[in-house]
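# Structure at a glance
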Amino acid sequence: MISSESTKQGELQSETFFKRKVRFISPWERLLATMKILNEKPVLPGNALRRLCRILFLLCGTTFFLSSAYAVPPVSMVNGVLKKTGYVCLVRALQEDSAKRLWIGMFGAGIWVLDGTRARPMAPDPQGHPDVRASKIVRRGSKMIVASSGGGVEVYDPTGKSWKALATSPVVRSRHFHALCPMGKKDWLLGSVGEGIFLSREGVWRNLTQADGLPGDWVNDAIPASGGTWIGTAEGLAFLDPSGKMRMELPERGWRDGNINVLALFRGELYLGTGAGGLVVRSVTADEEKMSSKKKPRFRTIEGIPPEVHGLFSDKERLWVAAEEGFFSIDSKGAAEKVYGPWASGTAFTSVAAYHNGLVVGTADGMVYHGGHNMKWKPLFSYHCESSKGGSRK
């Protein structure tokens, strides 16, 4: 289990890539290794062969360097865990507000609000949202609730154009959140980075961790379901019933990676978007949701979906999948189909949501596209274009 202190420190600099204790050889290490080889005495005789040897090693080293620099995301080792670094404008959350504007939550660039063709950033200062690493956005009436990884969970009131903390209880000690789930009209479930979940009941907060039945204390997502709430952690799945009882489910046949990034319900079945094991469907029935049910669930990995899944959104017809290597949809029979649009091949998609009778999908490089439902896909927002204009602060 990752300690809360080390987790917070790691979160301040980077976002989890995948939890594998693997030694990563950086491009610079490869280049240095190549240079070291060049300085060693070659075993082949003669000046001509010596020069040829050096040229071949240099070409190989340069090839490894370039392939590493551009084929994989920037990563670093932190306490034996491989982490992504250098996020600038990864679109983590998309949500339409009561005024039909699109809120765009980015990890690295904070919150932008798109009103028609005009986009404005929310200023990250005491009068605005306090952190630029937005994780989740939920609408509650006219108010917008934003979870961030460093600034806690804040509520924006458009009437007074002001922010206030969702939870002021000393029980909610974490400021790093990935999951934000409404529990009825007033209560909430907050999923933290390394400190479990924080749950409110009639305004009273409590903290549940691995000691209370969670598979892990790093919580990435939570969604309401019939008879309770599904919780996705970096170690496995949990189901929380209204009485507070927790049921844990860990990887087994048909489901190989317990690191769950995102959850969604589609046509009565639960879908798990994982960090390295693709998209997994858990077959459920109404009886299986009851804590007394002894029937073992069935898991199946959906073919055709890349290993790393970041975002899920379901409507009546399809489940939409934002993945590291493309954008996909799942039909009613569970078949995957790749979605094509005006984006470059190999684009990393990180979020998807409903907007203006269609869909919006966000990418790792700050782009948002609008389309779907027989609508042609088109660019709607570009962080790099908007930020270059300067833009007024909201």
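Everything below is about the structure printed above this text.
Quantities reported herein were computed from a predicted structural model and do not represent experimental measurements.

## Focus on the overall build of the chain
Check the secondary structure of the chain and you find four helices and 31 strands. Buried residues in the chain amount to 51% of all 394 residues. For the chain, contacts bridging at least 24 residues in sequence account for 47% of all contacts bridging at least 6. Carbon and sulfur atoms make up 54% of the accessible area of the chain, which totals about 19,300 Å².

## Focus: the pattern of salt bridges
Within the structure shown, the criterion is met by six salt bridges. E249 serves as the salt-bridge partner of R282, at 2.8 Å between the closest nitrogen and oxygen. With a gap of 33 residues between them, R282 in strand β22 (residues 279-283) and E249 in strand β19 (residues 246-249) connect regions that are remote in the sequence. No difference in accessibility class separates R282 from E249, as the two residues are buried. Notably, a salt bridge pairs E337 with R318, separated by 3.7 Å at the nearest N-O pair.

## Overview of the pairing of strand β11 (residues 162-165)
Alignment of strand β10 (residues 153-157) against β11, held across four bridges, turns out to be antiparallel. The residue of β11 that forms the bridge with D157 is S162. Counted between consecutive antiparallel strands, the loop separating β10 from β11 contains four residues, among which K161 sits at a positive phi close to 50°.

## Description of the sheet that holds strand β21 (residues 269-274)
Strand order in the open sheet formed by four strands is β20-β21-β22-β23, and the pairing between neighbours is antiparallel. Because the sheet does not close on itself, it has two edges, and the strands there are β20 (260-266) and β23 (298-301). Geometrically, the sheet is characterised by an average inter-axis angle of 25° between neighbouring strands, direction not taken into account. Of the strand pairs in this sheet, β21 and β22 are connected by four bridges, and their pairing is antiparallel. Pairing of L272 across the sheet is with V280, part of β22.

## Regarding the environment of S345
Along the polypeptide, S345 turns up in the loop between β27 (336-339) and β28 (349-355). For S345, a relative accessible area of 79% translates into the label exposed. Each C-alpha atom, one on S345 and one on G326, is 7.8 Å from the other, the two residues being 19 residues apart in sequence.

## What to know about the sheet that holds strand β24 (residues 309-314)
With respect to topology, four strands assemble into an open sheet ordered β24-β25-β26-β27, the strand pairing being antiparallel. The open sheet has two edge strands with one neighbour each: β24 and β27. Strand after strand, the sheet turns through a mean of 25° between neighbouring axes, direction not considered. Inspection of the sheet shows strand β25 (residues 319-323) paired to strand β26 (residues 326-330) by five bridges, in the antiparallel sense. When the sheet's bridge partners are listed, A322 is paired in β26 with F327.

## Focus: the side chain of S174
Tracing the backbone through its elements, the reader meets S174 in the loop between β11 and β12 (177-183). Given a relative accessible area of 2%, S174 falls into the buried group. Of note is the side chain of S174, whose polar atom sits 3.1 Å from the backbone nitrogen of H176. Among all residues touching S174, those that are not within four sequence positions of it are S192, E195 and F198.

## Quick notes on the nonpolar core
Counting residues in each nonpolar core, the largest one holds 16 residues, and the members touching the most others are L94, L102, I104, M106, W112, V368 and F381. The element contributing the most residues to this core is strand β5 (residues 102-107), with three residues. Apart from residues no more than four positions distant in its own chain, V368 is found in contact with V91, L94, L102, I104, V360, V361, G362, K378, P379, L380 and F381. Among the nonpolar cores identified, the runner-up in size contains 15 residues, and V281, L312, V321 and A323 belong to it.

Quick notes on the rules
- Residues numbered from 1 in each chain as written.
- Predicted model: local features only at pLDDT ≥ 70, side-chain atom pairs only at ≥ 80, totals over all residues.
- Heavy atoms only, no water.
- Helix = DSSP H or I, 4+ residues; strand = E, 2+ residues; numbered from the N terminus.
- Buried < 20%, exposed > 50% of the residue type's maximum accessible area, 1.4 Å probe, protein only.
- Contact = heavy atoms within 4.5 Å.
- Areas by Shrake-Rupley, 256 points an atom, 1.4 Å probe, with all protein chains shown as cover.
- Salt bridge = Lys/Arg side-chain N within 4 Å of Asp/Glu carboxyl O.
- Pairing = 2+ DSSP bridges.
- Axes fitted to C-alpha atoms, helices over the stretch in contact; angles between N-to-C directions.
- Polar contact = N/O pair within 3.5 Å; in protein donor to acceptor, adjacent residues only side chain to side chain.
- Core = buried A, V, L, I, M, F, W, Y, C linked by side-chain atoms within 4.5 Å.

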